[in-house]
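# Architecture and fold: a report
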Amino acid sequence: MAAPSLAQGRFVVVGGGIAGVTCAERLATEFPSEDILLVTASPVIKAVTNFKQVSKTLEEFDVEEQPSTMLEKRYPNIKVIESGVKQLKSQEHKIFTEDGKQCIYEKLCLCAGAKPKLIFEGNPYVLGIRDTDSAQAFQNHLAKAKRIAVVGNGGIALELVYEIEGCEVIWAIKDKAIGNTFFDAGAAEFLIPKLTAEKFETAISCKRTKYTTEGSEKEEGSVAAADKLGSALGPDWHEGLHLKGTKEFCHKVHIETLCEIKKIYLQQEFKELQKTSLSFPKANSDNHNAHPDEELWPVYMELTNGKIYGCDFIVSATGVVPNVKPFLDGGNFALGEDGGLKVDQHMHSSVADIYAAGDICTASWEPSPVWQQMRLWTQARQMGWYAAQCMVADSLGESIDMDFSFELFAHVTKFFNYKVVLLGKYNAQGLDLDHELMLRCTKGQEYVKVVMQNGRMMGAVLIGETDLEETFENLILNRMDLSAYGEDLLNPNVDIEDYFD
Ligand SMILES: Cc1cc2nc3c(=O)[nH]c(=O)nc-3n(C[C@H](O)[C@H](O)[C@H](O)COP(=O)(O)OP(=O)(O)OC[C@H]3O[C@@H](n4cnc5c(N)ncnc54)[C@H](O)[C@@H]3O)c2cc1C
Ligand SMILES: NC(=O)C1=CN([C@@H]2O[C@H](COP(=O)(O)OP(=O)(O)OC[C@H]3O[C@@H](n4cnc5c(N)ncnc54)[C@H](O)[C@@H]3O)[C@@H](O)[C@H]2O)C=CC1
């Protein structure tokens, strides 16, 4: 048998997603005469392009999927090894890849991301969305579907229920209101009209989806995609997809609140058990008029509220679990409650010379009072960048301060076609009960909420074109006592920027 090939690098990075690529690029710039090894399981890498610092902490950028050769061309000292890591032996400072290679490192940064945390994992009718392949598989199955179920109440579920057309969607959420990872009930109330039947006619004219070439289907009958290790999708991932079912309507979403899936039945089992499922409830119905469903479906979900619905397949949009498995054996890592590799304020894990960044890690430093970790691409980029800076500083024996981006949580995104900006403790997460909320809302136009504590602004949710993000960012960062301004802070007739000039 041929001896496994051996590679060696002062710096080795694992993962070709935003965190890993940003980290490798930064290292390559800092040490132009060193070879930086990037080991990744996916054949393509994710590159950040058109980066724009919108304000002190808010940033916007595009994410491009590129062949790894493009990265090597841009940075001639980056060498990409295209293979998954299957084992780490930290004592020997070595990683082992699926295709039999070994890499020796001086300093290693693990950026292997996360994968969907699926409910009923292994059920062929339960599907997750993470990377290009799983999104393509979803599109293909949706094209043949009349009704699907979406479970979960975070980012993916919010985007899907708004984008899907021509298919009934039963949306099952554990909470009272939609979008609980991003909003409170007030904001949910503001957004809900976008999903109602009345929106139907106008919604058709503002379609945002584009057509892409069809991918090949891997399995007939069942829908679950293979357990691959691609990188997470980039901004506007759904715009390249054709998210349309078999019918000719726009939105048809029924929301079941305060429930989870108790059991899933395949068609045969459902028939044998002689269970009854419900038809799709009519818009604005109070659910009491839901009728038994005459139609046979490939799969049925029984909810904890006792209702059973049939559908073509179920999307589990129920969060992620960090991809730590291949690294644990020889690693002895301290793990966070969410299963990520714990990292300190220098992105260093609990194992010597190993750093971690992005979705794989759990931030375990004492955070600024207005920052929290969320598994987002902005944080993946910031962590990848800062981890590289820390690796450089450590190897030169220098000290380094925490990057400014961790001073304030700042996220800009789009839900239901509204611009959404989240700042600081936007949902009062972790704050004592002495906090107060101030609201301003114009139906269909904007929703502004600020979280105040002891006269200081701790967080904000800005939906719509409010133009308030920079001012509020400054107010939160300055920790200024704003008690004297009272409700003027949100008074649309007061130009609050002038106040603080
Ligand atoms: C559908 C969807 C929509 C999203 N929308 C948004 C959004 O609107 N805004 C936002 O901020 N965030 C969004 N996110 C989250 C964001 O995409 C992620 O937080 C971010 O991309 C994580 O980057 P990462 O580099 O840490 O991990 P990943 O992108 O998951 O990259 C991990 C890399 O590691 C590789 N890898 C995995 N295991 C191994 C191994 N054993 N050996 C070698 N390589 C390995 C993979 O191939 C991949 O290249 C979304 C995520 C999804 C799934
Ligand atoms: N625009 C944005 O910023 C977007 C961000 N993302 C990010 O991508 C990642 C993956 O997205 P999501 O899967 O939506 O994760 P998420 O973490 O945003 O939301 C997970 C949701 O699933 C629910 N849940 C968990 N277990 C459940 C169970 N057993 N039954 C029912 N519900 C359950 C949670 O209550 C939560 O509502 C996240 O890190 C998310 O932040 C995704 C899409 C858009």
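Residues numbered from 1 in each chain as written. Chains lettered and ligands numbered in written order. Predicted model: local features only at pLDDT ≥ 70, side-chain atom pairs only at ≥ 80, totals over all residues. Heavy atoms only, no water.

How we decide: UniProt positions are given in the numbering used here, feature names are shortened, and annotations may be inferred rather than shown by experiment.
If you look the protein chain up in an unreviewed UniProt entry, it shows as Pyridine nucleotide-disulfide oxidoreductase domain-containing protein 1 from Chelydra serpentina. Here the protein chain is described in UniProt, under the heading Function (unreviewed entry), as follows: "Probable FAD-dependent oxidoreductase; involved in the cellular oxidative stress response. Required for normal sarcomere structure and muscle fiber integrity." Within the UniProt record for the protein chain, the comment given under Sequence similarities (unreviewed entry) is "Belongs to the class-I pyridine nucleotide-disulfide oxidoreductase family. PYROXD1 subfamily."

### A closer look at helix α1 (residues 18-30)
Note the following rule: Think of it this way: any DSSP run of H or I at least four residues long counts as a helix, any run of E at least two long counts as a strand, and we number them from the N terminus. By this rule, a helix spans an expected 1.5 Å times one less than how many residues it contains. Think of it in three bands: with a 1.4 Å probe and only protein chains considered, a residue is buried below 20% of the maximum accessible area for its type, exposed above 50%, and partly exposed in between.
Here α1 contains 13 residues, and its C-alpha end-to-end distance of 18 Å stays within 8% of the 18 Å for a straight helix at 1.5 Å per residue. Burial of α1 is extensive: eleven of the 13 residues sit out of reach of the surface. Among all positions of α1, only I18, A19, G20, V21, T22, C23, A24, E25, R26, L27 and A28 are buried.

### So, the pattern of salt bridges
Worth spelling out the cut-off: We define a salt bridge as a contact between a side-chain nitrogen of Lys or Arg and a carboxyl oxygen of Asp or Glu at a distance within 4 Å.
This model, assessed by the stated rule, comprises 21 salt bridges. In this structure, K146 engages E295 in a salt bridge whose closest nitrogen and oxygen atoms are separated by 2.3 Å. Here K146 is found in the loop between α3 (132-142) and β11 (147-151), whereas its partner E295 is found in the loop between α7 (267-272) and β15 (299-303), with 149 residues between them in sequence. Measuring nitrogen to oxygen at the nearest pair gives 2.7 Å for the salt bridge that ties E469 to K419. With a gap of 50 residues between them, E469 in helix α10 (residues 469-478) and K419 in strand β23 (residues 418-424) connect regions that are remote in the sequence. Residues joined by salt bridges that share partners form a network here, namely R10, E34 and E106.

### Points about the packing of aromatic side chains
So the rule is basically this: Aromatic rings from Phe, Tyr and Trp, with only the six-membered ring used for Trp, were paired whenever their centres fell within 6.5 Å, and each pair was classed as stacked if the ring planes differed by under 30 degrees, edge-to-face if by over 60, and tilted otherwise.
One pass over the full model with this rule turns up 16 aromatic pairs. For the pair F138 and F313, a centre-to-centre distance of 6.0 Å together with 85 degrees between the ring planes defines the contact as edge-to-face. Here F138 is found in helix α3, whereas its partner F313 is found in strand β17 (residues 313-316), with 175 residues between them in sequence. Accessibility expressed as a relative area gives 0% for F138, which makes it buried. Look at F313 and you get buried, because its relative accessible area is 1%. On the basis of an interplanar angle of 40 degrees and a centroid distance of 5.9 Å, the ring pair of F190 and Y447 is categorised as tilted. Residue F190 is found in helix α5 (residues 185-191), and its partner Y447 is found in strand β25 (residues 446-453); the two are separated by 257 residues along the sequence. Both residues of the pair, F190 and Y447, belong to the buried class. By the ring-pair criterion, three or more aromatic residues cluster together here, those being W365, W371, Y386 and F406.

### Considerations on a negative patch on the surface
Definition in use: Every patch collects residues that have over 30% relative accessible area and no salt bridge, joining them within 9 Å if they carry like charges and within 5 Å if they are nonpolar side chains (Val, Leu, Ile, Met, Phe, Trp, Tyr). Exposure was quantified through the Shrake-Rupley algorithm and a 1.4 Å probe, taking into account, for residues, occlusion by the shown protein chains and nothing else. Counted as positive: Lys and Arg. Counted as negative: Asp and Glu, with His and the chain ends omitted from the count. Taken as the charge centre is NZ of Lys, CZ of Arg, CG of Asp or CD of Glu, depending on the residue.
A surface patch of like charges, here negative, comprises E465, D467, E470, D495, E497 and D498. Here D498 is to be found in helix α11 (residues 496-499).

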